[in-house]
Amino acid sequence: MPQTVENIDIGYGAPGYIINFLIFFALFVFNAVVYARSRLQSKRFVDHCIFLSNENQTQKGYRPSRLGSSCRALSVIFLIWMQCSLIITFLSNYQHYWPYSPGQGDKNKHVTWDSFTRAFLLPWITTFLLLVWLRRHHASLAVFYMCPCSLEKATHVKIHSSTEDENGNRQDFEDVVPVSATARGLRMIEWQLLRYVYCSSKDAFTSDPQYDNEFDEGLKVERDITGVWANEMYRKGGMSTEMASMMLDGPQGINEINVHIPSILEGCITEFFSFFYIYQFFAVTLSFYWDYVSVGLMMSLLVLTCGVIKVYTERMQRLKMKEMATLNERVLVFRDHQWKSVDSHDACVGDIICLTSKLKDEDNNYEHHSNHRPLLTADCILINGSCVVDESLLTGETMPIQKFAVPEDKRVRIPDSAEHKKQ
């Protein structure tokens, strides 16, 4: 008569569980230490957080930390291990072989179903809650493992801004942007299609920098566009080539609309790291564990296909948007007391642009430039003559609008306002 082997029930007090509990607790303490250290250093650096009233922004400086980077790496490794343990558990359940007690021989083949269920539910619930929490606080986690520091030494800046819409509802915007540096040593960040340059006098990144020496003073972007300023730029011979080069490399940048096109991998991570897909994937793992492999495979294929199609569609839309926003034409600008042909991407604030293809030379003879089309690739004001502009692409208005030269006064002109629409 064959001997009956009693099934072994493995509870949460087994050595393997104890080791995982200790690792989880150690990582929790490690993250708590990183958080406490970050809080203490944020109070230590007075210039860590700066509020710009004119920009209505709050800026906080951060830089990488070895302690934070180590903590993040260990946390990611443990999270990956939890996901791997899910796969190992339901695959071992198919074979009815306990994989977490090596060297036990046939005893591993006589483990109760409740033991496999415990081994499955523990990482399943833990990773589900962790991923939901990470998705909920992903904006704060971008700087959680970094070290607070002054904006002067920061490699990343956390920006928070709030505005009110037409109905008076408050809208908050927050993002973490990297700090870049030019060949001239200017430190800057780009956020919401604006470039902010670090200004030591304000100890912050601002779109209206106040430079500390005479050499850089000319790089200040003119904020108040007036008729006096525009005509004065024309009379003094326009902008110099050297100054235009500094402007392009400094506070202004290239005259273009930069539409970010994420890669396929980046788009998939952004798409699948959402509450909807987190729920779907963890629901699918239940089907695999309950031995409904065909159902799990069909659900996985359906979810993955829908997600990839959405990523591909959005990427194609962004490519079309970038193609529509890209307009690089040759324009005539008045620099160094003479008209020069440059790419529209190289046009700067303060440039005098010719809207016709015919120009008078020194002998009052007309010189024809057939390769220049009267296209405007920036907000401008008219300082001489008159013209008719088709703005249907921007405003949807079917009728062209006649523009007149701006008076030579000190009134500030805003091209987007209805009051200055015809200038």
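None of these values were measured; they are calculated from a predicted model.

(A) Summary view of unusual backbone geometry. Non-glycine residue His96 carries a positive phi angle of around 55°. Counting through the fold element by element, His96 comes out in the loop between helix H2 (66-95) and helix H3 (113-136). The class of His96 is partly exposed, set by a relative accessible area of 35%.

(B) Here's a closer look at a nonpolar patch on the surface. On the surface, Tyr12, Ile18, Phe21, Leu22, Leu121, Ile125 and Leu129 cluster together into a nonpolar patch covering about 620 Å² of accessible area. Sorting the residues of the nonpolar patch by element identifies helix H1 (15-44) and H3 as the ones contributing at least two each. Take Phe21: it is sitting in helix H1. By relative accessible area, which is 35% here, Phe21 ends up partly exposed.

(C) Highlighting the environment of His48. Inspection of the secondary structure assignment puts His48 in the loop between H1 and strand S1 (49-52). It is 9.7 Å that separates the C-alpha atoms of His48 and Lys153, two residues lying 105 residues apart in sequence. Apart from the residues lying within four places of it in its own chain, the contact partners of His48 are Ser42, Gln59, Lys60, Gly61, Tyr62, Pro148, Cys149, Ser150 and Leu151. Here Gly61 takes part through its backbone oxygen, which lies 2.9 Å from a polar atom of the side chain of His48. For His48, the side chain forms a polar contact with the main-chain oxygen of Cys149, separated by 3.3 Å.

(D) Expanded view of the pairing of strand S15 (residues 386-389). Covered by surrounding structure in S15 are Cys387 and Val389 only, the residues Ser386 and Val388 on the alternate face being uncovered. The pairing of S15 with strand S16 (residues 401-404) spans 4 bridges and is classified as antiparallel. Residue pairing for S16: Ser386 is matched across the bridge by Phe404.

(E) Examining the packing of aromatic side chains more closely. One pass over the structure, following the stated rule, counts 25 aromatic pairs. With a centroid separation of 5.1 Å and 80° between ring planes, the pair formed by Phe276 and Tyr277 is classed as edge-to-face. An angle of 75° between the planes, with centres 6.1 Å apart, marks the rings of Tyr289 and Trp290 as edge-to-face. Put simply, the rings of Trp113, Phe120, Trp124, Phe128, Phe282, Tyr289 and Trp290 pair up and form one aromatic cluster. Geometry around Phe275 places Arg135 over its ring, the cationic atom sitting 5.7 Å from the centre. The ring of Tyr198 is capped by Arg187, whose NZ or CZ atom sits 5.4 Å from the centre of that ring.

(F) Region of interest: the side chain of Thr112. Structurally, Thr112 is set in the loop between H2 and H3. Among the polar contacts made by the side chain of Thr112, one reaches the side chain of Asp9 at a distance of 2.9 Å. Apart from the residues lying within four places of it in its own chain, the contact partners of Thr112 are Asn7, Ile8 and Asp9.

(G) Just the nonpolar core, in detail. Counting residues in hydrophobic clusters, the biggest one holds 17 residues, and the most contacted among them are Ile10, Tyr17, Trp98, Phe120 and Phe282. Elements with a contribution of two residues or more to this core: H2, H3 and helix H9 (275-289). When residues no more than four places from it in sequence are discounted, the contact partners of Tyr17 are Ile10, Gly11, Tyr12, Trp98, Ser115, Arg118, Ala119 and Leu122.

(H) Quick peek at the packing of H2 against H9. In contact at an axis separation of 9 Å, H2 and H9 are set at 25° when each is read in the N-to-C sense. When the axis of H2 is compared with that of H9, the two are roughly parallel. Taking contact as the criterion, the partners of Gln83, Leu86, Phe90, Asn93 and Tyr94 in H2 are, on H9, Phe282, Phe288 and Tyr289. Among the residues forming the contact of H2 with H9, the class breakdown is 6 nonpolar, 2 polar and no charged.

(I) A look at the sheet that holds strand S11 (residues 338-343). The sheet built from 3 strands is open, its strands ordered S11-S10-S12 with antiparallel pairing. The sheet is open, and its two edges are formed by S11 and strand S12 (352-354), each paired on a single side. For this sheet, the mean angle separating the axes of adjacent strands, direction not counted, is 40°. Sheet topology note: the strand S10 (residues 330-335)/S12 ladder contains 3 bridges and is antiparallel.

How each quantity is defined
Residues numbered from 1 in each chain as written. Predicted model: local features only at pLDDT ≥ 70, side-chain atom pairs only at ≥ 80, totals over all residues. Heavy atoms only, no water. Helix = DSSP H or I, 4+ residues; strand = E, 2+ residues; numbered from the N terminus. Buried < 20%, exposed > 50% of the residue type's maximum accessible area, 1.4 Å probe, protein only. Patch = residues over 30% accessible without salt bridge, like charges linked within 9 Å, V, L, I, M, F, W, Y side chains within 5 Å. Areas by Shrake-Rupley, 256 points an atom, 1.4 Å probe, with all protein chains shown as cover. Salt bridge = Lys/Arg side-chain N within 4 Å of Asp/Glu carboxyl O. Contact = heavy atoms within 4.5 Å. Polar contact = N/O pair within 3.5 Å; in protein donor to acceptor, adjacent residues only side chain to side chain. Pairing = 2+ DSSP bridges. Phe/Tyr/Trp six-rings, centres within 6.5 Å; stacked < 30°, edge-to-face > 60°. Lys NZ or Arg CZ within 6 Å of the ring centre and 35° of its normal. Core = buried A, V, L, I, M, F, W, Y, C linked by side-chain atoms within 4.5 Å. Axes fitted to C-alpha atoms, helices over the stretch in contact; angles between N-to-C directions. Parallel < 35°, antiparallel > 145°, perpendicular 65-115°, else oblique. Nonpolar A, V, L, I, M, F, W, Y, C, P; charged D, E, K, R; others polar.

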